[in-house]
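Each chain, letter by letter, is given below.
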Amino acid sequence: MRTAAYKDTEEAVLQWFKTARDQNVPVSGPLLIAKAQEFASKLGDDFKFTIGWLERFKGRHSITFKRVCGESKSVADGTDAMKAWASSLQTILAEYSPSDIFNADETGLFFRLLPDKTLEFKEVDCHGGKNSKERVTVMVWSNMSGNEKLPLLVIGKSKKPRCFKGIKTLPTAYEANKKAWITSELFTAWLKQLDRRFQRQKRKVAMIVDNCPAHPKVKDLKAITLFFLPPNTTSKTQPMDQGIIQNLKIHYRKLVIMKQLESIERNKELQITVLDALRMLYQAWDRVTDKTIKNCFRHANFVSAATNEHADSPDSDEEDPEDDIPLAALRLRVPFDDYAQIDETVITTEAVSDKDIVDNIIAARHKEAEEDEEEEVSEPTEPPKKKPILQKVDAALEVIQDWIEMTEDTEDLLPSYQKIHRRVTSAQVRASVLVQSTLTALLSDCASDRDVN
């Protein structure tokens, strides 16, 4: 098959076509040729696009001409797309173990948003602060068994928020761009990083994602095989949409309310930075159980025909025995379900315009990332924290050890405590050796000076 003579223009046309179809816009042959000519003039490509080019373009990218019929965006089990997916899914389930079948999806999160409703006496007026709509995008991925939750990827607007000053280790992976969206470049980079990880583990993995423009077909993957869900079916076919993301947000909102109550008790103004959001997302993701994940996969029909397992309802309201505020108690305080799902429809993927496509391709030509032009993002002003000295860390560990030993049912915390203790002890030894070598060198220099004199 002939390759494209003008790769940049063809890439621009392909991106535009994917975006148009994702928005359910009908695209005809003449319209595609007109867009190709438009992109060519903007990118400086001198080429006359013809019907012959169109046929070769369609062949290179497996595009065919279909009649638009029926109601758009409808999801029915009996459609050809759903039947084809059901068949493909059974093949995936037969070829891969549940531990090697992953699903990934992104969601928007208003990370500073507080509840805007409360119980109050009828005669008392309610006044609250401004509802913050500052958001991040969170990429959530897990395997079908629920025993391997991959680290969250959080995408913000600022490349280096002020709250990151002095921080060397973040609770989650973090990237940034001006819209805080998942882009095809970010998705490709992180998928390749995962591919190297699975390759080192000598695993073959199926990664199932929806077919939005931010999820391109990534080439040269060694351990991961990408599978795409049929268009406009994710409400039924996407495991993450069956309750996993909702469960993550429920746990996150609980932690936000706990932080709010803590601020009230300390008589301090509540401040939630991007770093605070990453910390709470890490804790929330840790509290999503493997049982919830397995049930959500089964609810999306990730069930082998041979086993015929029963698909339980997703445990989106599953209680965590370590929660300081049970969900039932939260519902008495605020309309919690509405609060937990308030950002459910936030746009998380790139809505690419013609200018965006051209700018991205021109930037790629010169190897310049548009994200480098950092956008200022308002952050709560706090004095920068200083790194604790090892003596203080050691003293804090003694307090933690006392608490563990004096509290019942805390045996499961001992491995984590020992891991931190070993790391701090090792750091103390290195610091001691460094001080000793410095003193030895200093004394040696002094002795040399005396000998000279």
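What counts, and where the lines are drawn
- Residues numbered from 1 in each chain as written.
- Predicted model: local features only at pLDDT ≥ 70, side-chain atom pairs only at ≥ 80, totals over all residues.
- Heavy atoms only, no water.
- Patch = residues over 30% accessible without salt bridge, like charges linked within 9 Å, V, L, I, M, F, W, Y side chains within 5 Å.
- Areas by Shrake-Rupley, 256 points an atom, 1.4 Å probe, with all protein chains shown as cover.
- Salt bridge = Lys/Arg side-chain N within 4 Å of Asp/Glu carboxyl O.
- Lys, Arg positive; Asp, Glu negative; His and termini not counted.
- Charge placed at Lys NZ, Arg CZ, Asp CG, Glu CD.
- Helix = DSSP H or I, 4+ residues; strand = E, 2+ residues; numbered from the N terminus.
- Phe/Tyr/Trp six-rings, centres within 6.5 Å; stacked < 30°, edge-to-face > 60°.
- Lys NZ or Arg CZ within 6 Å of the ring centre and 35° of its normal.
- Buried < 20%, exposed > 50% of the residue type's maximum accessible area, 1.4 Å probe, protein only.
- Expected span 1.5 Å × (residues − 1).
- Contact = heavy atoms within 4.5 Å.
- Core = buried A, V, L, I, M, F, W, Y, C linked by side-chain atoms within 4.5 Å.
- pLDDT = per-residue confidence, 0-100.
- Axes fitted to C-alpha atoms, helices over the stretch in contact; angles between N-to-C directions.
- Parallel < 35°, antiparallel > 145°, perpendicular 65-115°, else oblique.
- Left-handed = near helix turned anticlockwise from the far one by under 90°.
- Nonpolar A, V, L, I, M, F, W, Y, C, P; charged D, E, K, R; others polar.
- Arc of directions from axis to C-beta.

### Side note on a negative patch on the surface
- A cluster of acidic side chains, namely Glu408, Asp409, Glu411 and Asp412, defines a negative patch on the protein surface.
- With respect to the helices, strands and loops of the structure, aspartate 412 is situated in the loop between helix H13 (390–405) and helix H14 (414–452).

### Quick look at the packing of aromatic side chains
- On inspection of all chains with the given rule, the structure shows five aromatic pairs.
- When the ring of phenylalanine 102 is compared with that of phenylalanine 198, the centres are 5.4 Å apart and the planes differ by 45 degrees; the resulting orientation is tilted. With phenylalanine 102 in strand S1 (residues 101–110) and phenylalanine 198 in helix H5 (residues 184–200), the pair connects residues that are 96 residues apart, well separated along the chain.
- Over the aromatic face of tryptophan 285 sits the side chain of lysine 149, whose NZ or CZ is 5.4 Å from the ring centroid.

### Brief notes about unusual backbone geometry
- If you check the backbone angles, lysine 202 has positive phi at about 55 degrees while not being a glycine.
- Looking at the secondary structure, you find lysine 202 in the loop between H5 and strand S5 (205–209).
- Residue class for lysine 202 comes out exposed when judged on its relative accessible area of 76%.

### Describing a positive patch on the surface
- A surface patch of like charges, here positive, comprises Lys419, Arg422, Arg423 and Arg430.
- Note that arginine 423 resides in helix H14.

### What about the side chain of threonine 9?
- Note that threonine 9 resides in helix H1 (residues 7–22).
- The exposure class of threonine 9 is buried, given its relative accessible area of 0%.

### What about the pattern of salt bridges?
- According to the stated counting rule, one finds 10 salt bridges in the structure shown.
- With a closest N to O distance of 2.6 Å, arginine 112 and glutamate 134 form a salt bridge. Here arginine 112 is found in the loop between S1 and strand S2 (135–143), whereas its partner glutamate 134 is found in the loop between S1 and S2, with 22 residues between them in sequence.
- Taking the relative accessible area as the measure of exposure, glutamate 134 reaches 26% and is therefore partly exposed.

### Some words on H5
- Over its 17 residues, H5 extends 24 Å from the first C-alpha to the last, a length consistent with the 24 Å expected when each residue adds 1.5 Å.
- Turning to H5, its buried residues are Ser184, Leu186, Phe187, Thr188, Trp190, Leu191, Leu194, Asp195 and Phe198.
- Elements in contact with the buried residues of H5: S1, S2, strand S3 (153–156), strand S4 (173–176), S5 and strand S6 (224–228).
- Lysine 202 sits one or two residues past H5 and shows a positive phi near 55 degrees.

### Let's talk about the nonpolar core
- In terms of nonpolar packing, the biggest core is built from 43 residues, with Ile101, Phe111, Val140, Tyr252 and Phe302 touching the most fellow members.
- Counting only elements with at least two residues in this core, the list comes to helix H4 (80–95), S1, S2, S4, S5, helix H7 (244–265), helix H8 (274–287) and helix H9 (290–299).
- Looking at this core, the element that brings in the most residues is H8, giving eight residues.
- Residues in contact with tyrosine 252, not counting those within four places in the same chain, are Leu109, Phe111, Ile272, Ala277, Met280, Leu281 and Ala284.
- Of all hydrophobic cores here, the second largest spans 25 residues; its members include Met139, Trp141, Leu191 and Cys212.

### With respect to the confidence of the model for the chain
- Per-residue confidence for the chain gives a mean pLDDT of 77; residues scoring 70 or more make up 70%.
- Here residues 124–130 is modelled with pLDDT under 50, and outside its nearest four sequence neighbours on either side it reaches two contacts, counting other chains as well.
- Predicted confidence for residues 368–376 stays below pLDDT 50, and this span has 15 contacts to residues more than four positions away or in other chains.

### Describing the packing of H7 against H8
- Contact pair H7 / H8: the axes reach a minimum separation of 8 Å and the direction vectors enclose 125 degrees. The angle between H7 and H8 falls in the class oblique. Remark: the crossing between H7 and H8 carries right-handed chirality. Side by side, H7 and H8 meet where Ile244, Leu248, His251, Tyr252, Leu255, Val256 and Lys259 of the first sit next to Asp276, Ala277, Met280, Leu281, Gln283, Ala284, Trp285 and Arg287 of the second.
- Of the residues contributing to the contact of H7 with H8, the split by class is 10 nonpolar, two polar and three charged.

### Let's talk about H4
- Taking 1.5 Å of rise per residue, 16 residues should cover 22 Å, and H4 covers 23 Å from first to last C-alpha, within 8% of that figure.
- Every buried residue of H4 is accounted for by Met82, Trp85, Leu89, Ile92 and Leu93. Seen along its axis, H4 keeps its buried residues to an arc of 95 degrees; they face one direction. Projecting away from the buried face of H4 at angles above 90 degrees are the exposed residues Asp80, Lys83, Ala94 and Glu95.
- Where H4 is buried, its residues contact S1, S5, S6 and helix H6 (234–237).

### Description of the environment of valine 138
- Along the chain, the position of valine 138 falls in strand S2.
- Here the alpha-carbon distance between valine 138 and tyrosine 174, two residues 36 residues apart in the chain, equals 9.4 Å.
- Leaving out residues up to four positions away in the same chain, valine 138 has contacts with Asp105, Glu106, Thr107, Leu109, Leu152, Leu153 and Leu281.

### A look at the side chain of serine 263
- Turning to its location among the elements, serine 263 is positioned in helix H7.
- Under the relative-accessibility criterion, serine 263 is labelled buried at 12%.
- When neighbours within four sequence positions are excluded, serine 263 is seen to be in contact with Lys268, Glu269 and Leu270.

### Comments concerning the packing of helix H2 (residues 29–43) against helix H3 (residues 51–60)
- Contact pair H2 / H3: the axes reach a minimum separation of 10 Å and the direction vectors enclose 100 degrees. Comparing the axis directions of H2 and H3 gives the class roughly perpendicular. Taking contact as the criterion, the partners of Gly29, Leu32, Ile33 and Ala36 in H2 are, on H3, Ile51, Trp53, Leu54 and Phe57.
- Looking at side-chain class alone, the contact of H2 with H3 contains seven nonpolar, one polar and no charged residues.

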